[in-house]
Amino acid sequence: MTQTTHKIILDTDPGIDDAMAIFFAFQASEIDVLGLTTVFGNVPADMAAKNGLSLVELANLDIPVCKGAAMPHVGPESSYAHFVHGDDGFGNINHPAPKGELDPRSSAQFIVEMARKHPGEITLVAVGPLSNLALALKLEPELPALIKAVNIMGGSAFAPGNVTPVAEANIWNDAHAADIVFSASWPINMFGLDVTYDLPFPPDFTASLAARNPVLGGFVQKAAEFYTTFYSQGRDDKVCYFHDAFPLAYMIDPSLFEMTEGQLRVGTDPLHKGQTSFAPLGSTSSELWLNQPIIKVATKVDHPRLTKLFIDTYAIKR
Ligand code: RIB
Ligand code: CA
C-alpha cells in the first residue's frame, strides 16, 4: 500500500504545546514539513522565531524557519502568554540558544512562494494567531486556489473561550486576521477548544513520550512541567493540554474526529473580540452566516486512539 505524504507549512508561536506538535509532525512519516513560519502569540515574534529554530536544531533537521508578524492586524501589541509558557516560551528550562540562521523571507512571503511552487499540494497548519495567513492572502489574493487546505488550532464552536468567556487565544490574539482567514474560499478544518480541552493529559503521558524518544519527548516532558502547573491550578490532579497537535493528527487519521460542517463568523468588536460563532449547516437563515464559506469543525475526538497515535509516533526512530 502506498502511503500519502502531506506537504505542510506549520505556522506556529512556540510555545510548549507548539513544540510538542512540531516534533509530532517531524516524527510522522505521513507528514512532510516544508518549513516553520513563526508568528507572535504565546511569545513575542523574535522569540517565536528563535524558538522555532531551536526546535528544528534539536530534531537535527535542516528546514527553513521564518519570522512572521509581530503585531495583530489592528490594535496594540499582544500581552503574550508567558504565564502559561514561561519567560522563554519553553517553561524556563534554560534551553541553549540556536546556532543557525533564520530564512530571510517573512512567514507570509514563504507561504506564498511555496504555494506557487507546489500549487494545490500544501496544507497550511496554523497553530498560532492567524496574522501570517492573512498577510499571505494580501500578498497573493489567489492563494486559496493554490492551497490544498487550512487546518487550524483555534476558536471554539460550542465550548467557552480561554481568554475571555467567548474567545480562544489564537483567534483573540488577532481577531481581524482570523476574520479574513475564515472568510476566504479555502477548505478549512478547525480544531478548537471543543476537542482540545476535552482531552487532558496527565504527567504519565509526557513520561511516555520521553521514554519512547528521550531527545524530543524528553524536551517536551521537561518543558511541560511549568505548563502543567498552570493548567492544574484549582484541580486535584495534574494535567496539561496539547492543543496544537490536533490538526496534525487529523491529517494522519481523520477518523479520530467527528467533524461538523457549518459557517463561522469571527467577532472583532471589543465585547466579542475573537469569538468564533459557528452555525452548523441548516441551523440559521441569517445572511451574516450563509454568505460565509462552509468549513468543518471538530466536535468530537477519540481519546484513547489519539493518545496512542501521539505516543506511537514519538517512538518512531528517524
Ligand atoms: O488556546 C490554545 C492555543 O493558544 C495554542 O495554540 C497555544 O499554543 C496558544 O497559542
Ligand atoms: Ca500555539
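All of these numbers come straight from a predicted model, not from anything done at the bench.

### With respect to the site of ligand 1
The immediate surroundings of ligand 1 are formed by Asp 13, Asp 17, Asp 18, Asn 42, Val 127, Met 153, Asn 162, Glu 168, Ala 169, Asn 170, His 243 and Asp 244. At 2.9 Å, a side-chain N or O of Asp 18 approaches an oxygen atom of ligand 1. Side-chain polar atom of Asp 244 to an oxygen atom of ligand 1: 2.5 Å apart, as the coordinates give it. Bound to the protein, ligand 1 loses 96% of the 270 Å² it would expose on its own. Taken together, the elements giving at least two residues each to the shell around ligand 1 come down to α1 (16-27) and α7 (169-173). Looking at side-chain class alone, the shell around ligand 1 contains three nonpolar, four polar and five charged residues.

### Re the packing of α1 against helix α14 (residues 303-315)
Where α1 contacts α14, the two axes come as close as 9 Å, and the packing angle between them is 60°. The two elements α1 and α14 cross, and the hand of that crossing is left-handed. Taken together, the residues of α14 that come into contact with α1 (itself represented by Ala 19, Met 20, Phe 23, Phe 24 and Gln 27) are Leu 309, Phe 310, Thr 313, Tyr 314 and Ala 315. Per-class residue counts for the contact of α1 with α14 are eight nonpolar, two polar and no charged.

### With respect to the nonpolar core
Core analysis: the biggest nonpolar cluster contains 62 residues, and Leu 10, Phe 257 and Phe 310 have the highest contact counts within it. The element contributing the most residues to this core is α1, with nine residues. Once residues lying within four places of it in the same chain are set aside, the contact partners of Phe 310 are Met 20, Phe 24, Phe 201, Phe 205, Leu 209, Ala 245, Phe 246 and Ala 249.

### A short note on the coordination of the calcium ion (ligand 2)
For the calcium ion (ligand 2), every protein donor is listed as Asp 13 (OD), Asp 18 (OD), Asp 18 (OD), Val 127 (O) and Asp 244 (OD), and the spread of their distances is 2.3 to 2.7 Å. Along the chain, the residues that donate to the calcium ion (ligand 2) are spaced as D-x4-D-x108-V-x116-D. Overall, the relative accessible area of 0% leaves Asp 18 in the buried class.

The rules behind these values
Residues numbered from 1 in each chain as written. Chains lettered and ligands numbered in written order. Predicted model: local features only at pLDDT ≥ 70, side-chain atom pairs only at ≥ 80, totals over all residues. Heavy atoms only, no water. Near = heavy atom within 4 Å. Polar contact = N/O pair within 3.5 Å; in protein donor to acceptor, adjacent residues only side chain to side chain. Areas by Shrake-Rupley, 256 points an atom, 1.4 Å probe, with all protein chains shown as cover. Helix = DSSP H or I, 4+ residues; strand = E, 2+ residues; numbered from the N terminus. Nonpolar A, V, L, I, M, F, W, Y, C, P; charged D, E, K, R; others polar. Axes fitted to C-alpha atoms, helices over the stretch in contact; angles between N-to-C directions. Left-handed = near helix turned anticlockwise from the far one by under 90°. Contact = heavy atoms within 4.5 Å. Core = buried A, V, L, I, M, F, W, Y, C linked by side-chain atoms within 4.5 Å. Buried < 20%, exposed > 50% of the residue type's maximum accessible area, 1.4 Å probe, protein only. Donors = N, O, S within 2.8 Å, 3.2 Å for Na, K, Ca; no water.

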